[in-house]
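# Descriptive analysis of the structure
The chain contents come next:
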Amino acid sequence: MKNNSYQAIIDCKIGKNTKLWRFINIYGCTIGDNCLIGAFVEIQDGVKIGNKVRIQSHTFICEGVTIEDDVFIGHGVAFVNDNYPRAVNKKGKPIDRKDWNLLPVIVKKGASIGSNATILGGITIGEHAMVGAGSVVTKNVLSYSTVAGNPARVIKMKK
């Protein structure tokens, strides 16, 4: 593990030969072997990241996300775990964990997500799927497909 200054790494399990760049904020997560986590990345509590995963700078990975082996995550990708967020509950009090249902996201083995994509909660991105840069993924992505746009639509299926 490469450990530079200016990092917040709290209660994480980090695999062998994983490189962590400066200015990251990771806590309560598990990261596999031979990964690269770029600068200005946040990985929240409970996130599971497999082996040989590359996460580029400025990416946000929230609680409830699982990323399998051999996945590429481009710059500035944002994951969402609550598709209808609110600041306060029906009683006007600040939202806390009991006021919402976490919507998990799974990124399957070998998938690639282009820069600045947004992945909504409750989504599964299939094996070796490709998500185009800037896409907003609102539905599950089939294995071996390429999706792009807002909302993301299939533009190619591998045969």
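Refer to the preceding data block for the structure.
Let me begin by describing the structure that accompanies this report. Since the model is a prediction, treat every value here as computed from it, not as a measurement. (Residues numbered from 1 in each chain as written. Predicted model: local features only at pLDDT ≥ 70, side-chain atom pairs only at ≥ 80, totals over all residues. Heavy atoms only, no water.)

So, about unusual backbone geometry. Most peptide bonds take the trans form, and the phi angle of most residues other than glycine is negative. In this structure, Pro151 follows Asn150 across a cis peptide bond, with omega equal to 0°. Assignment of secondary structure puts Pro151 in the loop between strand 21 (145-148) and strand 22 (153-157). The phi torsion at Phe40 lies on the positive side, around 60°, for a residue other than glycine. Along the chain, the position of Phe40 falls in the loop between strand 7 (36-37) and strand 8 (42-43). One non-glycine residue, Tyr144, adopts positive backbone phi at about 65°. Here Tyr144 is to be found in the loop between strand 20 (136-137) and strand 21. The class for Tyr144 is partly exposed, based on a relative accessible area of 36%. (Helix = DSSP H or I, 4+ residues; strand = E, 2+ residues; numbered from the N terminus. Buried < 20%, exposed > 50% of the residue type's maximum accessible area, 1.4 Å probe, protein only.)

Of all hydrophobic cores here, the largest spans 36 residues; its most connected members are Ile43, Ile49, Ile67, Phe79, Ile113, Ile119 and Ile125. Elements represented by at least two residues in this core include exactly strand 12 (65-67) and strand 15 (105-107). Setting aside anything within four residues of it in sequence, one finds Ile43 in contact with Asn25, Ile26, Tyr27, Cys29, Ile31, Ile37, Ile49, Ile55 and Ile61. (Core = buried A, V, L, I, M, F, W, Y, C linked by side-chain atoms within 4.5 Å. Contact = heavy atoms within 4.5 Å.)

Okay, the packing of aromatic side chains next. Applying the stated criterion to the full structure yields one aromatic pair. Here the aromatic rings of Phe23 and Phe40 are separated by 5.1 Å at their centres, their planes lie at 5°, and the arrangement is stacked. Pair noted here: Phe23 is in the loop between strand 4 (19-20) and strand 5 (25-27) and Phe40 is in the loop between strand 7 and strand 8, with a separation of 17 residues, a long-range link. Among the residues examined, Phe23 registers a relative accessible area of 38% and is labelled partly exposed. For Phe40, a relative accessible area of 46% translates into the label partly exposed. Sitting above the plane of the Trp100 ring, Arg97 keeps its charged end 4.6 Å from the centroid. (Phe/Tyr/Trp six-rings, centres within 6.5 Å; stacked < 30°, edge-to-face > 60°. Lys NZ or Arg CZ within 6 Å of the ring centre and 35° of its normal.)

Under the defined criterion, the tally for this structure stands at five salt bridges. Here Arg97 and Glu63 are joined by a salt bridge, their closest N and O atoms 3.1 Å apart. Taken together, the residues span a long stretch of sequence, with Arg97 in the loop between strand 14 (78-79) and strand 15 and Glu63 in the loop between strand 11 (60-61) and strand 12 at a distance of 34 residues. Residue class for Arg97 comes out partly exposed when judged on its relative accessible area of 41%. Residue Lys109 is joined to Asp70 by a salt bridge in which the shortest nitrogen-to-oxygen separation is 3.9 Å. Placement of the pair is Lys109 in the loop between strand 15 and strand 16 (112-113) and Asp70 in the loop between strand 12 and strand 13 (72-73), with a sequence separation of 39 residues. Judged by relative accessible area, Lys109 falls into the partly exposed class, the value being 36%. Salt bridges sharing common partners tie together Lys52, Asp70 and Lys109. (Salt bridge = Lys/Arg side-chain N within 4 Å of Asp/Glu carboxyl O.)

Turning next to the sheet that holds strand 18 (residues 124-125). With parallel pairing, the six strands of this open sheet are ordered in space as 3-6-9-12-15-18. Of all the strands in the sheet, the pair left with one neighbour each is strand 3 (13-14) and strand 18. Pairing between strand 9 (residues 48-49) and strand 12: two bridges, direction parallel. Bridged to Lys48 within strand 12 is Thr66. (Pairing = 2+ DSSP bridges.)

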